Amino acid sequence: MNDDTPAAASLARGVERRDATEAEAKTLASSIRIRILRLCLDEALSNREIAEATGLNPATSLHHVRMLADTGFLEAQEARRGKRGSREIPYLATGKSWFLNTGDMTTEMLEAFTTEFTAAPYEERTMGRMAAMLTEDEVEEFRSRIDELFEEFRSRRKKDGATQWGLFIAMHPSDPHAR
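Quick caveat: nothing in here was measured; it's all calculated off a predicted structure. (Residues numbered from 1 in each chain as written. Predicted model: local features only at pLDDT ≥ 70, side-chain atom pairs only at ≥ 80, totals over all residues. Heavy atoms only, no water.)

(A) Just the side chain of Glu 108, in detail. Relative to the elements of secondary structure, Glu 108 occurs in helix H6 (residues 106–119). No salt bridge is formed by the buried Glu 108. Its closest oppositely charged neighbour is Arg 33, at 8.2 Å. Once residues within four sequence positions are removed from consideration, Glu 108 is found in contact with Ala 29, Ser 30, Ser 31 and Ile 34. (Helix = DSSP H or I, 4+ residues; strand = E, 2+ residues; numbered from the N terminus. Buried < 20%, exposed > 50% of the residue type's maximum accessible area, 1.4 Å probe, protein only. Lys, Arg positive; Asp, Glu negative; His and termini not counted. Salt bridge = Lys/Arg side-chain N within 4 Å of Asp/Glu carboxyl O. Contact = heavy atoms within 4.5 Å.)

Following this line, the structure appears as structure tokens:
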């Protein structure tokens, strides 16, 4: 862990979450746009590169990229030359989505996760499921510890030899007798 990681984690935790605007919530209500943000998290990608990575045609990809850029989730970087010498604009995720309350995005989050998870090599996937008996205080402690762990590792950005890994955690009250 480098020296600035605790400070970065502390700063990020200190940022107050706010409710998303209608436009921001609408923008994030798409599994493909959630995937685009993840793709552009640590590496600026052009629309062509995003289209190739997502399997979209470039016009459809551009629609999603523009929505994300117009609402501040993606930021255009300095123009560069593409494979065939054409001018292209790479985009980088701003991290804005980490600090928004967006309401129920269950379907979009699960779809984005499932697409990414099933695309990963089977041998490298890790999955677990459990049921825990928790008091109200323990639920809050568990959530707090998960948040702290997420924040600690989220705040670690690019470093030599590191590979991006996806992580999805969901927690809900469970009635074993419900159908």
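From this point on, the discussion continues.
(B) Summary view of the packing of helix H4 (residues 47–54) against helix H5 (residues 58–70). Following both chains from N to C, one finds H4 and H5 inclined at 110°, their axes separated by 9 Å at the closest point. Overall, the two elements H4 and H5 adopt an arrangement that is roughly perpendicular. Every pair of crossing elements has a handedness; the one defined by H4 and H5 is right-handed. Residues Asn 47, Ile 50 and Ala 51 of H4 form the contact with H5, whose participating residues are Pro 58, Ser 61, Leu 62 and Val 65. Partitioned by chemical class, the residues of the contact of H4 with H5 number five nonpolar, two polar and no charged. (Axes fitted to C-alpha atoms, helices over the stretch in contact; angles between N-to-C directions. Parallel < 35°, antiparallel > 145°, perpendicular 65-115°, else oblique. Left-handed = near helix turned anticlockwise from the far one by under 90°. Nonpolar A, V, L, I, M, F, W, Y, C, P; charged D, E, K, R; others polar.)

(C) Quick look at a nonpolar patch on the surface. Taken together, the side chains of Leu 134, Phe 142 and Met 171 make up a nonpolar region of the molecular surface, amounting to roughly 230 Å² of accessible area. Here Met 171 is to be found in the segment after helix H7 (136–154). (Patch = residues over 30% accessible without salt bridge, like charges linked within 9 Å, V, L, I, M, F, W, Y side chains within 5 Å. Areas by Shrake-Rupley, 256 points an atom, 1.4 Å probe, with all protein chains shown as cover.)

(D) Inspection of the sheet that holds strand S2 (residues 45–46) at higher detail. A sheet is described by the order of its strands in space; here three strands give the open sequence S2-S6-S3, paired in antiparallel fashion. Of all strands in the sheet, those with a lone pairing partner are S2 and strand S3 (74–76), marking the two edges. Inspection of the sheet shows S2 paired to strand S6 (residues 90–93) by two bridges, in the antiparallel sense. Pairing of Ser 46 across the sheet is with Pro 90, part of S6. (Pairing = 2+ DSSP bridges.)

(E) Layout of the pattern of salt bridges. Tallied over the entire structure, the rule returns nine salt bridges. The partner of Arg 48 in a salt bridge is Glu 88, and the shortest N-O contact between them spans 3.4 Å. With Arg 48 in helix H4 and Glu 88 in strand S5 (residues 87–88), this residue pair connects regions lying 40 residues apart in the sequence. The exposure class of Glu 88 is buried, given its relative accessible area of 9%. Taken together, the shared-partner salt bridges in this structure form one network comprising Arg 48, Glu 49, Glu 52, Arg 80 and Glu 88.

Note that all results are geometric; they support no functional claim without further evidence.
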